[in-house]
Amino acid sequence: MSTEESDATAPVNAGEPAAKQENENADGKSAPHEEKAAPAEFEPPEGGWGWVVMLAAMWCNGSVFGIQNAFGILFVYLLKEFGSEDDEDLRFRTAWVGSLSMGMIFFCSPIVSVFTDLFGCRITAVGGAAVGFVGLVASSVVRSLGALYFTYGIVFACGCSFAYQPSLVILGHYFKRRLGLVNGIVTAGSSVFTITLPYVLTGLLDRVGLYNTLRVLSIFMFILVLAGFTYKPILPKPVSSEKSGGRCPALKRVFNLQIWKSLGYRIWAFGIPAALYGYFVPYVHLMKHVEERFGEGTNKELLLMCIGITSGVGRLIFGQLADYVPGVNKVYLQVASFLVIGVMSMMIPLCNIFGGLIAVCLLMGLFDGCFICIMAPIAFELVGSQNVSQAIGFLLGMMSVPMTVGPPIAGFLRDRLGSYDVAFYLAGIPPIIGGAMLCLIPWVEARRKRKGEETAADATEKMLGQKSPDAQDDAGTREKTVDHESII
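Every residue gets a number counted from 1 within its own chain, in the order that chain's sequence is written. The model is predicted, so local features are restricted to residues of pLDDT at least 70 and side-chain atom pairs to those at 80 or more, both for listing and for counting; the totals for chains, interfaces and linings are taken over all residues. To obtain the side-chain values, all non-hydrogen atoms of the structure were used and water was disregarded.

A. Highlighting the overall build of the protein. In this description a helix means any DSSP run of H or I spanning at least four residues, a strand means any run of E spanning at least two, and both kinds are numbered starting from the N terminus. Summing up its helical and strand segments, the protein has 21 helices and 0 strands in all. For the exposure calls, accessible area comes from a 1.4 Å probe over protein chains only, and a residue counts as buried if that area is under 20% of its type's maximum, exposed if over 50%, partly exposed in between. Counting only residues that meet the buried cut, the protein has 50% of its 488 residues in that class. When contacts within the protein are restricted to residue pairs at least 6 apart in sequence, long-range pairs at least 24 apart make up 86% of them. Counting only carbon and sulfur atoms, one obtains 64% of the accessible surface of the protein, whose full area is about 22,700 Å². Any two residues whose heavy atoms approach within 4.5 Å at even a single point are treated as in contact. In this description, accessible areas are obtained by the Shrake-Rupley approach with a 1.4 Å probe, and a residue is regarded as covered only by the protein chains that are shown.

B. Region of interest: empty space enclosed by the protein. The rule is simple: put a 1 Å grid over the protein atoms alone, call a set of points where a 1.4 Å probe fits but cannot get out a cavity, call an open set with protein on both sides within 12 Å along at least five of seven lines a pocket, and count a residue as lining if it has an atom within 4 Å of a point. Grid points are joined across faces, edges and corners, and a volume is the space filled by probe spheres set on the points. Applying the stated criterion across every chain yields a total of 3 cavities of 30 Å³ or more. A volume near 190 Å³ is recorded for the largest cavity. Considering the residues around the largest cavity, the lining is formed by 17 residues, among which Phe65, Phe106, Tyr279, Phe371 and Ile372 are closest to the centre. When residues are grouped by polarity, Ala, Val, Leu, Ile, Met, Phe, Trp, Tyr, Cys and Pro land in nonpolar, Asp, Glu, Lys and Arg in charged, and all others, Gly among them, in polar. The residue inventory of the lining of the largest cavity, partitioned by class, reads 12 nonpolar, 3 polar and 2 charged. The start and end points of each domain follow an automatic or database-based domain assignment. Structurally, the lining of the largest cavity is a two-domain feature, drawing no fewer than three residues from each of domain 1 (46–234) and domain 2 (255–458).

C. Geometry of the side chain of Ser63. Its location among the elements puts Ser63 in helix H2 (residues 50–69). Within the structure, the side chain of Ser63 is placed 3.2 Å from the backbone oxygen of Cys60, a separation counted as a polar contact. In protein, a polar contact means a hydrogen-donor-capable atom and an acceptor-capable atom, both N or O and within 3.5 Å, with residues adjacent in sequence counting only if both atoms are side-chain atoms; elsewhere, any N or O pair within 3.5 Å suffices.

D. Broad picture of helix H3 (residues 71–82). Working rule for helices: expected span equals 1.5 Å times residues minus one. In a regular helix each residue adds 1.5 Å, so 12 residues correspond to 16 Å; H3 covers 16 Å between its end C-alpha atoms and thus fits that length. Most of H3 is tucked away: 9 of the 12 residues are buried. Listing the buried residues of H3 in full gives Phe71, Gly72, Ile73, Leu74, Phe75, Val76, Leu78, Leu79 and Phe82.

E. Representation of helix H17 (residues 375–383) in the model. The buried fraction of H17 amounts to 8 of the 9 residues, a majority that puts the element mostly inside the structure. Residues Met375, Ala376, Pro377, Ile378, Ala379, Phe380, Leu382 and Val383 constitute the buried set of H17. Following H17 by one or two positions, Gly384 has its phi on the positive side, about 90°.

F. Spotlight on the packing of helix H15 (residues 331–347) against helix H16 (residues 354–373). Lines fitted to C-alpha atoms define the axes here, with helix axes fitted over just the stretch in contact, and angles between the N-to-C directions of these axes take values from 0 to 180 degrees. With their axes 8 Å apart at the nearest point, H15 and H16 run at an angle of 155° to one another. Regarding the angle of H15 to H16, the classification is roughly antiparallel. Where H15 crosses over H16, the handedness of that crossing is left-handed. Facing Leu333, Gln334, Ala336, Ser337, Phe338, Val340, Ile341, Met344, Ser345 and Met347 of H15, the residues of H16 in contact are Val360, Leu363, Met364, Phe367, Asp368, Cys370 and Phe371. Any angle from 65 to 115 degrees is called roughly perpendicular, while one under 35 is roughly parallel, one over 145 is roughly antiparallel, and all others are oblique. For any helix crossing, the convention is left-handed if the near helix is rotated counterclockwise from the far helix by under a right angle, and right-handed if that rotation is clockwise.

G. Inspection of the packing of aromatic side chains at higher detail. Aromatic rings from Phe, Tyr and Trp, taking only the six-membered ring of Trp, are treated as a pair when their centres fall within 6.5 Å; an angle between ring planes under 30 degrees marks them as stacked, one over 60 as edge-to-face, and anything in between as tilted. In the structure shown here, the tally under the stated rule is 25 aromatic pairs. When the ring of Phe92 is compared with that of Trp96, the centres are 6.2 Å apart and the planes differ by 85°; the resulting orientation is edge-to-face. Residue Phe92 and its partner Trp96 are both found in helix H4 (residues 90–107); the two are separated by 4 residues, about one turn of the helix. Residue Trp96 is classed as partly exposed on the basis of its relative accessible area of 26%. Relative to Tyr283, the ring of Tyr279 lies with its centre 5.9 Å away and its plane at 45°, an arrangement referred to as tilted. Owing to a relative accessible area of 12%, Tyr279 belongs among the buried residues under this scheme. Each member of the aromatic cluster is reached from another via a ring pair, and the members are Trp260, Tyr265, Trp268, Phe270 and Phe394. Cation placement over rings: the criterion is NZ of Lys or CZ of Arg within 6 Å of the ring centroid and within 35° of the ring normal. Cation over ring: Lys80 sits above Tyr77, and NZ or CZ is 5.0 Å from the ring centre.

Structure (structure tokens):
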């Protein structure tokens with residue numbers, strides 16, 4: 001147990017012997033179990049060292065997802081490096097590098113949540129950033145797509161996953177009332193990187209080449225290793241019951257299945273992955289689509305910059321707005337974001353002028369920021385602070401499948417049909433379907449609360465019913481006493 005946890009639980013433990021002795025002196029018996037003082041509810045400091053943690057988490061989001069979102073720039077240069085236009089499956093095979101990387105970030109999340117619960121946010125984040133650093137350095141020395149699948153798509157991505165998830169969990173240690181705003185600021189880090197990295201990558205790729213560019217990106221991961229050391233945990237862990245022996249408590253700690261008892265969480269955990277089958281397609285294929293539609297000289301980096309700018313604005317606006325939306329009604333913000341993202345994806349092939357494509361990217365980025373910044377606050381509302389680590393982990397793990405298969409399918413359609421039009425049309429359908437599923441969550445949670453209140457009311461009535469015969473007997477005894485006194 002850490003020093004912080006010992007300090008948090010010390011007042012409760014220190015007060016028990018005194019209370020026990022007092023009760024034994026008064027009644028000659030030990031105090032009943034129900035009379036023991038319950039530990040005070042943990043209140044986050046809402047600042048202090050938390051602001052440093054927020055900046056470190058912001059760098060984490062920026063370096064991890066800024067690199068992922070800018071993969072469209074690397075994608076164009078990978079096509080030139082490893083293939084030719086005569087290769088019918090070139091885009092399909094090359095897209096697997098980026099989609100594997102994004103998918104593995106989410107696929108590892110359930111495992112990361114277990115590591116976070118067992119070893120803490122700091123150790124998990126630092127170790128993950130170190131693995132990501134090794135993955136990028138290794139990617140800069142390999143010379144085939146197959147090797148990049150492993151170094152960039154698996155090793156680098158696994159490191160990013162272990163570094164990213166603790167950055168979400170640690171914020172709940174320091175903030176509660178301002179959690180929506182802080183999440184908006186932290187997730188805006190990826191927007192800042194998405195704005196700047198396309199131009200940085202284009203300049204680096206033109207001047208120093210693909211492999212030296214990957215070495216420069218590895219510096220971002222090295223800084224992330226240092227940022228992970230700021231994740232100082234202060235949330236006291238719940239005291240496990242001493243009556244339950246054996247391996248069951250440890251097993252429950254590693255695999256927290258309690259969260260799946262919540263119907264609202266189950267809908268959320270299946271609805272969001274259903275919405276994401278087309279989510280990552282524009283980030284991978286939009287740059288190549290612009291080259292084919294408007295020519296190679298088009299300022300395609302401007303589109304990623306537009307997405308990054310409005311995504312950052314959206315995270316700040318909707319993050320603060322989420323603090324004023326009560327409970328699970330925050331889900332409606334995600335519903336709106338998925339609806340807009342789906343429609344905008346379908347609009348991409350219809351834009352025959354570059355200005356129209358800019359407008360589409362501005363709207364897509366704004367609501368992309370809305371979707372991302374309120375994921376953690378919704379998880380806290382559905383399962384509580386003690387279960388949020390594995391709740392986010394399981395969700396991100398289920399998101400890995402759609403995030404991985406979407407871009408290769410889009411590349412396959414382009415290779416077979418000769419254009420990206422059908423791919424973007426199809427990419428807009430899943431967000432609309434998934435958003436419709438999420439509309440059920442507030443209704444389910446409201447029904448659950450009503451049942452809980454009714455159950456509590458029934459229990460209270462039963463307790464009163466059990467006490468009423470005793471009360472009637474006492475009343476009858478008093479009446480008899482009054483009658484005897486009147487006779488005397």
